[in-house]
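What follows is each chain in one-letter form.
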Amino acid sequence: QVQLVESGGGLVQAGGSLRLSCVASGVILSINTMAWHRQAPGKQRELVAGISSTGATNYADSVKGRVTISRDNAKNTVYLQMNNLEPEDTAVYYCNARRTELFPFNYWGQGTQVTVSS
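Residues numbered from 1 in each chain as written. Predicted model: local features only at pLDDT ≥ 70, side-chain atom pairs only at ≥ 80, totals over all residues. Heavy atoms only, no water.

(A) Looking closely at the nonpolar core. Counting 30 residues, the largest nonpolar core has Met 34, Trp 36, Val 48, Val 78, Leu 80, Met 82 and Tyr 93 as its most contacted members. Contributions of two or more residues to this core are made by strand S3 (18-25), strand S4 (33-39), strand S5 (46-52), strand S7 (67-72), strand S8 (77-82), strand S9 (91-99) and strand S11 (112-117). Apart from the residues lying within four places of it in its own chain, the contact partners of Tyr 93 are Glu 6, Leu 20, Trp 36, His 37, Arg 38, Val 48, Leu 80, Met 82, Gly 111, Thr 112 and Val 114. (Core = buried A, V, L, I, M, F, W, Y, C linked by side-chain atoms within 4.5 Å. Buried < 20%, exposed > 50% of the residue type's maximum accessible area, 1.4 Å probe, protein only. Helix = DSSP H or I, 4+ residues; strand = E, 2+ residues; numbered from the N terminus. Contact = heavy atoms within 4.5 Å.)

As structure tokens, this is what we get:
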């Protein structure tokens, strides 16, 4: 059974930083893409950043220049460094691990709350 466990969320003032981590356990096959999504109250879940197994990254326009995604393939871990946080970044952040090759899968973590106060 694959499990994704996020950590690192919390309360921070505007302009502050947080680093989220997500560890995938129980994974036997390789993960193609790991990503962070977020969902604010009353809004749809949206992609924040994604990273492929080769290190290619993509970011939502709203976080470009403030957020960096990275991963450690050997540890099946993905990180999200968030700087210069804004109140609009307040949301539950979810980790996602997806495999699109043979024996595909798509797993989600339980989410971690990030609250940015003004």
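Still more to cover.
(B) Spatial organisation of the sheet that holds strand S1 (residues 3-7). An order of S1-S3-S8-S7 is seen for the four strands of this open sheet, with the pairing classed as antiparallel. Lying at the two open borders of the sheet, with one neighbouring strand each, are S1 and S7. Direction aside, the axes of adjacent strands within the sheet are offset by 15° on average. With six bridges connecting them, S3 and S8 associate as antiparallel partners. In the sheet register, Leu 18 faces S8, and the bridge partner there is Met 82. (Pairing = 2+ DSSP bridges. Axes fitted to C-alpha atoms, helices over the stretch in contact; angles between N-to-C directions.)

(C) Fine view of the pairing of S1. The alternating pattern of S1 places Leu 4 and Glu 6 on a buried face and Gln 3, Val 5 and Ser 7 on a face that is not buried. Judged from the five bridges that link them, S1 and S3 form a sheet pairing that is antiparallel. By the bridge assignment for S3, Gln 3 is matched with Ser 25.

None of this, on its own, says anything about what the molecule does.
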